[in-house]
Amino acid sequence: MKNLLLSVSLLFAIGASAQDAASYVNPMIGTAGMGHCFPGACAPFGIVQLSPETDTIPHSVNGKYTGKVYEYCSGYQYEDKTIVGFSHTHLSGTGHSDLGDIMIMPQTGSLVLNPGTADNPDAGYRQRFSHATEKASAGYYEVTLQDQNIRCQFTATPRVGVHKYTFNKGDNQRIILDMLHGIYNYDGKVLWSSIRVEDEYTLTGHRITNGWARENYTYFAIRFSKPIKNYGYKDMKKAAYYGFMRKLNIYQNFPEIAGRDVVAYFEFDNDDQNLEIEVALSAVSHDGAMANLKAEANGTFDQLYANTLNSWNNELEQIVCEGTDEQKSMLYTSFYHTMINPSIYQDVNGDYRGLDGNIHKANGFTNYTVFSLWDTYRAEHPLLQLLKPQRNRDMVVSMIRHQQQNVHHILPIWSLMGNEGWCMTGYHAVPVVADAIVKGADVPFNEAWKAMDKTANCDYMPSLKAYKEKGYCPYDRDGTAASNTLEYCYDDFTIYAAAKAKAEKTGEKVDYSQYYNRALNYRNTIDKNVGFASPRYDNGNFKADLDPYQTYNEGFIEGNSWNFSFSAPHDVFGLINCLGGDKVFVSKLDQLFAMDLPAKYYEDNEDIEADCLVGGYVHGNEPSHHIPYLYAWTSQPWKTQQWMRTIMNKMYKPVVRGLGGNDDCGQMSAWYIFSAMGFYPVCPGVAEYVIGAPYLPYMKVTLDNGNVLEIKAPKVSDKNRYVKSVKINGKPYSKLFITHDDLLKGAVIEFEMSATPNKKRGLNPADKPYSLTK
């Protein structure tokens, strides 16, 4: 709450209206604990995220994973007492990481070029700070470095990070440009870096890193507000070869700086003027970075911040809501988090670096990167398809171009800075592409079909060849065989659904019969003797000693059988039958939410902790996000309403430790936005949303086509959490789902809320959501 008030106070100070949606955004939410969010400045969907780094924990030392680095996926941890510097690229809410490119740290006094340590900050250039001096809001971050009393202010455009440093009167002014620093760093990660001093105000340069993004090119152009007085650098690891440059003094005031471990410094007159710095990024070239700088950094710091704030308000004000300030803060911060990643990955002229390493032109679309697809196919991309359809369409086209440039000819698994990151399982770009097609996006179908079909038949994917032959992934050869089977068969369903929808709308037909059959392969994971999904061996036998509570070595990735057993969102009626019928299915759901899961089952899992749990339901990790809505297919649909508010109240709080799990590039936040509206896309690839219960008394959503959704629930509260009845456009509505087309037309959805459930509502089979089989 303290940081919310700081954020609001900051906006009052620069003249923003208290009614602006951006005034409720609190980027400090999720910066402690499992949220892995950063507090720094960014523009909507920008490639620059200018934010503080609070430590230098390496990913590995001598090839061994350090573990502690997991806390620093965003570069920032709220509990830390020092700041190392301010870098320009960050991932939002992930559970693995990279980036932290082009780090700048202001400095006065003696020149120090090493960062020091958290235990001994005085040994390096890092400095102590207090949260009392931090101010974070949409597009702005500020902090005072207390050791040298340097006030640091930041804003950003989509491709430019903007710094403003205020030094004590009379103090010498210097910045450290650390080309060696990185998130998830290790010795040797920087393959090469260079800096050119183009003139007394301008630098250009680049660095190439080998991290999660296997070959990441970051070009930059830097413009200072005052002339450089003196500069130099140190290569922290002596090079084996210098060539004939050894005859030159290359370390002081030599305009060509290069090496693998470069830390440079630039000094300026102590003329009592603020030092402002603009840093433009490009993945293409120095010229591209310079063009981005000229195009976007036209104005003073305050003008650029005002422009970015206006951009955030334009995006955020698509939703208007009523509620307490705390509820508005949570809603608008969640909406903000859905618009950090994916990120624009092209220069202002449309040039971008493709997956093949070549430079391409984005014709007819904007190219994006950072696709955390194991997470974001579930709600992030469906939310963008509903609210920002042009952006989502461009993201889908970006994925198709990724496939066309990929030597494996597959859609992205985890796209990062023009690289394939291969993280997690399944091929979940497929449901994003399919969902866009089903919902009418202007996507080139023939290219999309080829991309989905190629991806679903790439035998590099774990156990995919065996899956196609046997109908399941064998546990003998695949440690996450059961979850792989479940994920593949859902992805396959969406290929079937997209092709079927296209044929019905336009008559364009392709042979999708194999994907219908593959969509039913989830049945092959259900061991009816134990009543859970289970891995099975090559010979067809199920694992004999399955522990459905355990998250390790049981055939599932980042989860247990209790949660993964509900992973057939495309065929819920079929799943109910496999698990023993309606009564058994409801009982299992009840047990999942009510159980006390002992810590021994997750305490060594860095992706799950007690804050992530409601009973045994793991909301803090994505495979479970649809589960509360599955009651809609049963004889007790009201139980979705029972649990929704409990989950939202526990997992989403407007405080620094407010997120019950990694935000994962907006997926956790997108789940919250949908659930607050009162419906959720349980099965992307089907143009339906399952109705739950709204969280706020009123929401108004202006769609991209100009139509308006109004969601009214005037009596809703923690007590009145049950839906007694629903009206749409004034008419009684009994169905437990609403279609995408109905939402696009605009509607007034009225919920009559009650303290007791309406146990008769939604029992008619015609009112049930989609299921592949009955």
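To be clear, the structure that these remarks concern was listed above.
Residues numbered from 1 in each chain as written. Predicted model: local features only at pLDDT ≥ 70, side-chain atom pairs only at ≥ 80, totals over all residues. Heavy atoms only, no water.

## A few points about the sheet that holds strand E20 (residues 275–282)
What holds strands together in a sheet is hydrogen bonding between their backbones, with the strands either parallel or antiparallel.
Okay, so step 1: The sheet built from nine strands is open, its strands ordered E9-E10-E11-E12-E20-E16-E15-E14-E18 with antiparallel pairing. At either margin of the open sheet sits one strand with a lone partner, and together these are strand E9 (135–137) and strand E18 (256–259). Between one strand and the next, the sheet's axes are offset by a mean angle of 15°, whatever the strand orientation.
Okay, so step 2: Sheet analysis places strand E14 (residues 190–199) next to strand E15 (residues 202–209), joined by eight bridges and oriented antiparallel. Bridge assignment links Ser 193 to a residue of E15, and that residue is Arg 207.
Okay, so step 3: Packing against the sheet, helix H2 (residues 286–296) makes contact with strand E12 (160–166), E15, strand E16 (216–224) and E20, and its axis sits at approximately 125° to E20.
Okay, so step 4: Across the sheet, helix H3 (residues 301–316) lies against E9, strand E10 (140–145), strand E11 (150–156), E12 and E20, angled at about 45° from E11, the strand it touches most. (Pairing = 2+ DSSP bridges. Helix = DSSP H or I, 4+ residues; strand = E, 2+ residues; numbered from the N terminus. Axes fitted to C-alpha atoms, helices over the stretch in contact; angles between N-to-C directions. Contact = heavy atoms within 4.5 Å.)

## As for the sheet that holds strand E39 (residues 747–754)
Okay, so step 1: A sheet is described by the order of its strands in space; here six strands give the open sequence E21-E34-E35-E39-E36-E37, paired in mixed fashion. The open sheet has two free edges, formed respectively by strand E21 (319–322) and strand E37 (731–732), since each of these has just one partner strand.
Okay, so step 2: Note that strand E35 (residues 708–712) and E39 share four bridges and pair parallel. Bridging from a neighbouring strand, Leu 709 pairs with Ala 747 of E39.
Okay, so step 3: Here helix H17 (residues 667–677) sits on the sheet in contact with E21, strand E34 (698–702), E35 and E39, set at roughly 115° to E34.

## Details of the side chain of Asp 98
Okay, so step 1: Its place among the elements puts Asp 98 in the loop between strand E6 (85–87) and strand E7 (103–107).
Okay, so step 2: On the accessibility criterion, Asp 98 (1% relative accessible area) is buried.
Okay, so step 3: A distance of 2.6 Å separates polar atoms of two side chains, one belonging to Asp 98 and the other to Lys 189.
Okay, so step 4: A polar contact is formed between the side chain of Asp 98 and the backbone nitrogen of Trp 212, at a distance of 3.1 Å.
Okay, so step 5: With near-sequence residues (within four places) excluded, Asp 98 lies in contact with Leu 91, Ile 183, Tyr 184, Lys 189, Gly 211, Trp 212, Ala 213 and Leu 416. (Buried < 20%, exposed > 50% of the residue type's maximum accessible area, 1.4 Å probe, protein only. Polar contact = N/O pair within 3.5 Å; in protein donor to acceptor, adjacent residues only side chain to side chain.)

## Section: the packing of helix H9 (residues 445–455) against helix H11 (residues 481–506)
Okay, so step 1: Taken N-terminus to C-terminus, the directions of H9 and H11 make an angle of 160°; their axes are 11 Å apart at the nearest point. With respect to their mutual orientation, H9 and H11 come out roughly antiparallel. H11 is crossed by H9, and the crossing has left-handed handedness. Residues Phe 445, Trp 449 and Met 452 of H9 lie in contact with H11, whose contacting residues are Ile 495, Ala 498, Ala 499 and Lys 502. (Parallel < 35°, antiparallel > 145°, perpendicular 65-115°, else oblique. Left-handed = near helix turned anticlockwise from the far one by under 90°.)

## Thoughts on the side chain of Glu 554
Okay, so step 1: When you line up the elements, Glu 554 lands in the loop between strand E29 (532–533) and helix H13 (561–564).
Okay, so step 2: Reaching out from Glu 554, the side chain makes a polar contact with the side chain of Lys 543 at a distance of 3.1 Å.
Okay, so step 3: In terms of polar contacts, Glu 554 uses its side chain to reach the backbone amide nitrogen of Asp 547, at 3.3 Å.
Okay, so step 4: For Glu 554, the residues in contact, after removing those within four places along its chain, are Tyr 475, Pro 535, Lys 543, Asp 545, Leu 546 and Asp 547.

## A word on the pattern of salt bridges
Okay, so step 1: In the structure shown here, the tally under the stated rule is 34 salt bridges.
Okay, so step 2: For the salt bridge of Lys 439 with Asp 435, the shortest nitrogen-to-oxygen distance reads 3.0 Å.
Okay, so step 3: On the basis of relative accessibility, which here comes to 5%, the residue Lys 439 falls in the buried class.
Okay, so step 4: Among the ionic contacts, a cluster of salt bridges with common partners joins Asp 122, Arg 128 and Asp 147. (Salt bridge = Lys/Arg side-chain N within 4 Å of Asp/Glu carboxyl O.)

## Looking at the environment of Ala 291
Okay, so step 1: Structurally, Ala 291 can be placed in helix H2.
Okay, so step 2: Ala 291 sits 57 residues away from Val 348 along the chain, and the two C-alpha atoms are 7.3 Å apart.

## Concerning the packing of aromatic side chains
Okay, so step 1: Going through the model one piece at a time under the given rule, you end up with 42 aromatic pairs.
Okay, so step 2: With 4.9 Å between their ring centres and 70° between their planes, Phe 532 and Trp 562 make a pair best called edge-to-face. Of this pair, Phe 532 sits in strand E29 while Trp 562 is found in helix H13, placing the two residues 30 residues apart along the sequence.
Okay, so step 3: For Trp 562, a relative accessible area of 3% corresponds to the buried category.
Okay, so step 4: Judged by centre distance (4.7 Å) and plane angle (45°), the rings of Tyr 652 and Tyr 672 are tilted. (Phe/Tyr/Trp six-rings, centres within 6.5 Å; stacked < 30°, edge-to-face > 60°.)

## Description of the packing of helix H16 (residues 638–651) against H17
Helix packing geometry: the angle between the two helix axes and the distance between the axes.
Okay, so step 1: It is the contact of H16 with H17, at a shortest axis distance of 11 Å, that shows an interaxial angle of 140°. In terms of their interaxial angle, H16 and H17 are classed as oblique. Considering the relative orientation of H16 and H17, their crossing is left-handed. Across the interface between the two elements, Met 644, Ile 647 and Met 648 of H16 pack against Trp 671, Tyr 672, Ser 675 and Ala 676 of H17.
Okay, so step 2: A class-by-class count of the residues in the contact of H16 with H17 yields six nonpolar, one polar and no charged. (Nonpolar A, V, L, I, M, F, W, Y, C, P; charged D, E, K, R; others polar.)

## Some details on unusual backbone geometry
Okay, so step 1: In this model, Asn 341 is joined to Pro 342 through a cis peptide bond whose omega is 0°.
Okay, so step 2: Counting through the fold element by element, Pro 342 comes out in the loop between helix H4 (325–337) and strand E22 (343–344).
Okay, so step 3: A positive phi angle, close to 60°, is found at Ser 463, a residue other than glycine.
Okay, so step 4: Among the secondary structure elements, Ser 463 is positioned in the loop between H9 and helix H10 (464–470).
Okay, so step 5: On the basis of relative accessibility, which here comes to 16%, the residue Ser 463 falls in the buried class.

## Focus on the pairing of E34
A regular strand places its side chains so that they alternate between the two faces of the sheet.
Okay, so step 1: For E21 and E34, the ladder comprises four bridges, and the chain directions are antiparallel. Looking at E34, one finds that Val 320 is bridged to Lys 700.
Okay, so step 2: In textbook terms, the turn of a hairpin is the stretch between consecutive antiparallel strands, and for E34 and E35 this stretch comprises five residues, one of which, Gly 706, has a positive phi near 95°.

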